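Results of the structural survey
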Amino acid sequence: MLSKTIESALNNQIKIEAESSQIYLAMACWAEVKGLEGVANFMYAQSDEEREHMLKLVKFVNERGGHAKISALSAPNVTFKSIKEMFEKLFEHEVFVSDSINELVHISLQEKDYATHNFLQWYVAEQIEEEAVARTILDKINMIGDDKGGLYLFDRDIESLTVTTAASNAPE
């Protein structure tokens with residue numbers, strides 16, 4: 001059974017994951033209308049992944065005797081001055097999500113809910129990867145600068161971007 005404190009915190013994270021999906025979706029739409037098909041496809045895939053993260057939490061809450069709540073979402077930003085600004089906002093958001101997951105882990109330990117703590121370790125590792133991907137993309141965009149040819153190549157290559165982190169090499 002989930003304590004009310006854990007249930008409430010997990011429901012808050014469900015909302016954050018849903019909003020993350022919407023943020024990526026809004027970014028995909030912006031990129032698509034700017035002719036950045038590769039970036040758009042990357043963002044559409046990320047949006048789907050964030051929705052899967054949300055659903056995983058929903059199922060966990062319900063399976064542990066809680067009641068997952070689906071709430072209203074804040075509208076995401078839909079315009080950006082540049083691709084660099086868009087990815088900077090994305091990185092900031094991923095850091096925010098990491099902080100939220102870390103707080104959930106802290107609460108689970110305070111509540112001595114080791115099942116939830118164990119479940120959340122997947123999210124901890126996932127956020128290491130999410131931040132690393134966003135950081136790598138920003139590094140690439142900074143290297144490109146204002147070079148349109150570089151942006152063209154980046155847009156073409158982003159769909160196949162892979163980032164290996166220490167967390168992704170952990171034994172399963």
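As a starting point, this report considers the structure included with it. As the structure is a computational prediction, the values presented were derived from the model and not from experiment.

**What about helix α4 (residues 114-144)?**
Its 31 residues give α4 an end-to-end C-alpha distance of 45 Å, which sits within 8% of 45 Å, the value for a rise of 1.5 Å per residue. Taking the largest bend as the criterion, α4 deviates by roughly 25°, centred on leucine 120.

**Looking at the nonpolar core**
Soluble, globular proteins show a tendency: their nonpolar side chains are buried together. By size, the foremost hydrophobic cluster in this structure holds 25 residues, and its most contacted members are Val39, Met43, Ile83, Met86, Phe87, Ile137 and Phe154. Looking at this core, the elements with two or more residues in it are α1 (4-33), α2 (37-63), α3 (83-110) and α4. Each residue touching phenylalanine 87, except ones within four places of it in the same chain, is listed here: Val39, Phe42, Met43, Ile137, Leu138, Ile141, Phe154 and Ile158. If you look at the next biggest cluster of nonpolar residues, it comprises 21 residues, including Ala18, Ile101, Ile107 and Tyr123.

**With respect to the packing of aromatic side chains**
In the structure shown here, the tally under the stated rule is five aromatic pairs. On the basis of an interplanar angle of 85° and a centroid distance of 5.5 Å, the ring pair of tryptophan 30 and phenylalanine 80 is categorised as edge-to-face. With tryptophan 30 in helix α1 and phenylalanine 80 in the loop between α2 and α3, this residue pair connects regions lying 50 residues apart in the sequence. Accessibility expressed as a relative area gives 10% for phenylalanine 80, which makes it buried. Geometrically, the ring pair formed by phenylalanine 87 and phenylalanine 154 is edge-to-face, given 6.3 Å between the ring centres and 85° between the ring planes. Of this pair, phenylalanine 87 sits in helix α3 while phenylalanine 154 is found in helix α5 (residues 148-157), placing the two residues 67 residues apart along the sequence. Among the aromatic residues, ring-to-ring pairing joins Phe60, Phe119, Trp122 and Tyr123 into one connected group. The ring centre of tryptophan 122 lies 3.7 Å from the NZ or CZ of lysine 56, which sits over that ring.

**A short note on the pattern of salt bridges**
Tallied over the entire structure, the rule returns five salt bridges. The residue glutamate 7 makes a salt bridge to lysine 69 at a minimum N-O spacing of 3.9 Å. In this pair, glutamate 7 sits in helix α1 while lysine 69 sits in the loop between α2 and α3, placing the two residues 62 residues apart along the sequence. Since its relative accessible area comes to 6%, glutamate 7 is described here as buried. The partly exposed category is assigned to lysine 69, whose relative accessible area is 42%. A salt bridge links aspartate 113 to arginine 64, with the shortest nitrogen-to-oxygen separation between them at 3.6 Å. With aspartate 113 in the loop between α3 and α4 and arginine 64 in the loop between α2 and α3, the pair connects residues that are 49 residues apart, well separated along the chain. Exposure remark for aspartate 113: the relative accessible area of 9% places this residue in the buried category. The network of salt bridges with common partners includes Lys4, Glu7 and Lys69.

**Observations concerning the layout of surface pockets**
In this structure, the second largest pocket occupies an estimated 200 Å³ of space. Forming the walls of the second largest pocket are Ile83, Lys84, Ile141, Asn142, Ile144, Gly145, Asp146, Asp147, Lys148 and Leu151. Of all the secondary structure elements, the ones that give two or more residues to the lining of the second largest pocket are α3, α4 and α5. Considering each element in turn, the lining of the second largest pocket owes the most residues, three residues, to α4. The residue makeup of the lining of the second largest pocket, split by class, is four nonpolar, two polar and four charged.

**Considerations on the side chain of histidine 53**
Along the chain, the position of histidine 53 falls in helix α2. Residues within four places of histidine 53 in sequence aside, it is in contact with Glu17, Trp122, Tyr123, Glu126 and Glu130.

Cut-offs and rules
Per chain, residues are indexed from 1 in the order of the written sequence. It should be noted that, the model being predicted, local features are given only for residues of pLDDT at least 70 and side-chain atom pairs only at 80 or more, the latter also being counted only at that level, while totals for whole chains, interfaces and linings use all residues. Remark: hydrogens and water are excluded; side-chain values derive from all non-hydrogen atoms of the structure. A run of DSSP states H or I qualifies as a helix once it reaches four residues; a run of E qualifies as a strand once it reaches two. Both are numbered from the N-terminal end. Helix span, as expected, comes to 1.5 Å for every residue beyond the first. A residue's bend is simply the angle between two axes: one fitted to the seven residues ending at it, one to the seven starting at it. We define the nonpolar core as a collection of buried residues of types Ala, Val, Leu, Ile, Met, Phe, Trp, Tyr and Cys that are connected through side-chain atoms lying within 4.5 Å of one another. Burial classes: relative accessible area under 20% of the type maximum marks a residue as buried, over 50% as exposed, and values in between as partly exposed (1.4 Å probe, protein chains only). Contact definition: two residues touch when any of their heavy atoms are within 4.5 Å. Note on aromatic pairs: the rings of Phe, Tyr and Trp (six-membered ring only in Trp) are paired at centre separations within 6.5 Å, and the planes decide the class, stacked below 30 degrees, edge-to-face beyond 60, tilted for the rest. In our convention, an over-ring charge means Lys NZ or Arg CZ found within 6 Å of a ring centre and within 35 degrees of that ring's normal. A carboxyl oxygen of Asp or Glu within 4 Å of a side-chain nitrogen of Lys or Arg is what we treat as a salt bridge. For each structure, a 1 Å grid was placed over the protein atoms alone; sets of points admitting a 1.4 Å probe that cannot get out are labelled cavities, open sets with protein on both sides within 12 Å along at least five of seven lines are labelled pockets, and lining residues have an atom within 4 Å of a point. Grid points are joined across faces, edges and corners, and a volume is the space filled by probe spheres set on the points. Side-chain classes are defined by residue name, with Ala, Val, Leu, Ile, Met, Phe, Trp, Tyr, Cys and Pro counting as nonpolar, Asp, Glu, Lys and Arg as charged, and the others, Gly among them, as polar.

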